[in-house]
Amino acid sequence: MAKWYLPLVIAGLFAVAGCQVQQPENPVVSTLPPPSFTGPSMQPAAPSHVAAVTPVAPVQQRVAVATPRPGAHGDVPAGWVPVAATNPNQWLWIVVHHSATPTGGAAAFDKMHRAKGWDELGYHFVIGNGTDTHDGQVEVGSRWPKQKYGAHAKTPSEQYNQHGIGICLVGNFDVTRPTDAQMKSLAKLTSYLMKTYHISPDHVLGHRDTKSTDCPGRNVNIAVVRRMSMQMLADAGEQVPADSQVATAAGGELLVDEEKHR
Ligand SMILES: [Zn+2]
C-alpha cells in the first residue's frame with residue numbers, strides 16, 4: 001500500500017514544490033520587467049509626455065499672442081511684454097509720433113497730457129533723445145502693461161486710438177532728425193510689436209497717415225522705419241508679416257510713402 005502511494009506522494013510533493021518554486025518566480029518575472037524596463041512605466045510615460053507637449057504647443061502660441069511671456073521673444077526688455085492679456089484684435093496699427101519738443105520723456109509728457117485733462121500719458125512708448133532720458137532709451141508708458149487703448153491719434157472713428165500702439169520719439173523732427181539710437185530703438189520696438197501682434201508693414205504708420213498733421217515731422221520717413229523693422233525681423237530669422245492688402249504688397253506702397261513723407 002505504502003509502495004503504491006509513494007509515487008503519488010512524491011509526484012504531489014514535486015508538483016507542490018514546483019508550483020511553490022515557480023509561483024514566486026512567476027510574479028517576479030512577469031511583473032517586474034514589464035513595468036520597470038520595457039513597457040508600462042516607460043512607454044506610457046513617453047507617449048503621454050509627448051501627447052501632453054504636442055497639443056499644448058499651439059495653445060501656447062496662441063496664448064503668446066494674447067499674453068507674451070518674457071523670454072519668448074528674444075532679448076526684448078521685460079517691460080515690453082505686457083502684464084495684462086491682450087485682446088487678440090486689440091492692436092492693428094503702430095502709430096509713430098514726434099513730441100515736437102526739443103526735450104522730454106514719459107514723465108514730462110504724462111504731466112502735459114494730464115494737464116490737458118487726459119487720463120494719463122497718451123502714448124504707449126516714448127523713445128528718448130538724450131535729454132530727459134538716454135538717447136534711444138525706450139520708456140514704457142503706464143497704458144502698456146494694462147493693454148489700455150491709446151490717446152495719441154484722435155480721428156472720428158477712434159480706430160487708431162483703440163487699435164493703434166502709440167510710439168513717440170522725443171524731438172521736433174520738422175527741425176532736427178531722429179538720432180541713430182532713436183531710429184535703432186524704434187526699429188527694434190516696432191519689429192517686436194509687428195511680430196508679436198502680427199502687424200503688417202503697411203500698418204506701421206506715421207501720425208500724419210491717420211489725419212491731417214505734420215507729426216512725426218518732415219524728417220521722419222515711415223518707409224525707412226518699416227524697412228529697418230523688416231530687416232531686423234529677417235536678420236533674426238523671423239517671418240516678416242505680409243502687407244494686409246495684396247494690392248499694396250509690392251514695393252510700390254513704400255515708394256508712394258517715400259514720396260508722401262519726403
Ligand atoms: Zn503725433
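Residues numbered from 1 in each chain as written. Predicted model: local features only at pLDDT ≥ 70, side-chain atom pairs only at ≥ 80, totals over all residues. Heavy atoms only, no water.

Student: Please clarify how the pattern of salt bridges should be interpreted in this entry.
Tutor: Taken as a whole, this structure holds eight salt bridges when the rule is applied. Ionic pairing is found between Asp-75 and Lys-188, a salt bridge with its closest N-O pair at 3.9 Å. With Asp-75 in the loop between helix H3 (45-66) and strand E1 (93-98) and Lys-188 in helix H7 (residues 180-197), the pair connects residues that are 113 residues apart, well separated along the chain. Among the residues examined, Asp-75 registers a relative accessible area of 63% and is labelled exposed. Residues Lys-146 and Glu-120 are paired through a salt bridge, measuring 3.0 Å at the closest nitrogen-oxygen approach. Separated by 26 residues along the polypeptide, Lys-146 in helix H5 (residues 143-146) and Glu-120 in the loop between helix H4 (106-115) and strand E2 (125-129) bring together distant segments of the chain. Lys-146 sits in the partly exposed class, given a relative accessible area of 45%. (Salt bridge = Lys/Arg side-chain N within 4 Å of Asp/Glu carboxyl O. Helix = DSSP H or I, 4+ residues; strand = E, 2+ residues; numbered from the N terminus. Buried < 20%, exposed > 50% of the residue type's maximum accessible area, 1.4 Å probe, protein only.)

Student: I would appreciate a short explanation of the environment of Val-81 in the present structure.
Tutor: Among the structural elements, Val-81 can be located in the loop between H3 and E1. Classification of Val-81 as buried rests on a relative accessible area of 9%. With 64 residues separating them along the chain, Val-81 and Pro-145 place their C-alpha atoms 7.5 Å apart.

Student: Explain the packing of H7 against helix H8 (residues 222-235) to me, please; I cannot follow it from the model alone.
Tutor: Helix packing for two helices is described by the angle between their axes and how far apart those axes are. In the contact formed by H7 and H8, the axes pass within 8 Å of each other and the chain directions differ by 65 degrees. Relative to H8, H7 is oriented roughly perpendicular. Once H7 is placed against H8, the crossing between them reads as right-handed. Contact residues: H7 offers Met-183, Lys-184, Leu-186, Ala-187, Lys-188, Thr-190, Ser-191, Met-194 and Lys-195, while H8 offers Val-224, Val-225, Met-228, Ser-229, Met-230, Met-232 and Leu-233. In the contact of H7 with H8, the residues fall into 10 nonpolar, three polar and three charged. (Axes fitted to C-alpha atoms, helices over the stretch in contact; angles between N-to-C directions. Parallel < 35°, antiparallel > 145°, perpendicular 65-115°, else oblique. Left-handed = near helix turned anticlockwise from the far one by under 90°. Contact = heavy atoms within 4.5 Å. Nonpolar A, V, L, I, M, F, W, Y, C, P; charged D, E, K, R; others polar.)

Student: So what exactly am I meant to see when it comes to unusual backbone geometry here?
Tutor: Working note: non-glycine residues mostly have negative phi, and peptide bonds are mostly trans. Geometrically, the link from Cys-215 to Pro-216 is a cis peptide bond, its omega value of 10 degrees lying close to zero. The phi dihedral of Gln-147 falls on the positive side, at around 55 degrees, and the residue is not glycine. With respect to the secondary-structure elements, Gln-147 resides in the loop between H5 and helix H6 (159-163).

Student: Honestly, the environment of Gly-122 in this entry has me stumped. Any pointers?
Tutor: As for its position among the elements, Gly-122 is in the loop between H4 and E2. For Gly-122, a relative accessible area of 0% corresponds to the buried category. Separated by 46 residues in the primary sequence, Gly-122 and Cys-168 have C-alpha atoms spaced 9.6 Å apart. Leave out the neighbours within four places in its chain, and Gly-122 touches His-113, Arg-143, Gly-150, Ala-151 and His-152.

Student: Hey, could you run me through the layout of surface pockets in this one?
Tutor: Any empty space left between the atoms is revealed when a probe the size of a water molecule rolls over them. Its boundaries defined by the atoms lining it, the largest pocket holds a volume of some 420 Å³. Elements with a minimum of two residues in the lining of the largest pocket: E1 and H4. At three residues, the largest contribution of residues to the lining of the largest pocket is made by H4. Tallied by class, the residues present in the lining of the largest pocket amount to eight nonpolar, nine polar and six charged. (1 Å grid on protein atoms, 1.4 Å probe; cavity = no way out; pocket = protein on both sides within 12 Å on 5 of 7 lines; lining within 4 Å. Points joined across faces, edges and corners; volume = space filled by probe spheres on them.)

Student: Before we go on, may I ask you to explain the pairing of E2 in this structure?
Tutor: Taken residue by residue, a regular strand's side chains alternate between the two faces of the sheet. Within E2, five of the five residues are buried, which leaves it mostly tucked inside the rest of the structure. Across the two faces of E2 the burial is the same, with Phe-125, Ile-127 and Asn-129 and Val-126 and Gly-128 all buried. Pairing of E2 with strand E3 (residues 135-140) involves four bridges; the strand directions are antiparallel. Counted as the bridge partner of Phe-125 is Val-140 from E3. The antiparallel hairpin formed by E2 and E3 contains five residues in its connecting segment, where Gly-130 sits at a positive phi of about 90 degrees. In this structure, E2 lies alongside strand E4 (residues 164-169), joined through three bridges in parallel fashion. Across the sheet, residue Ile-127 finds its bridge partner in E4, namely Leu-169. (Pairing = 2+ DSSP bridges.)

Student: What am I meant to see in the nonpolar core here?
Tutor: Considering soluble globular proteins, one finds that nonpolar side chains tend to be buried as a cluster. Counting residues in hydrophobic clusters, the biggest one holds 28 residues, and the most contacted among them are Phe-125, Ile-165, Ile-167, Leu-186, Leu-189 and Leu-193. Those elements that provide at least two residues to this core are E1, E2, E4, H7 and H8. At seven residues, the largest contribution of residues to this core is made by H7. Among the nonpolar cores identified, the runner-up in size contains seven residues, and Leu-121, Tyr-123, Cys-168 and Val-170 belong to it. (Core = buried A, V, L, I, M, F, W, Y, C linked by side-chain atoms within 4.5 Å.)

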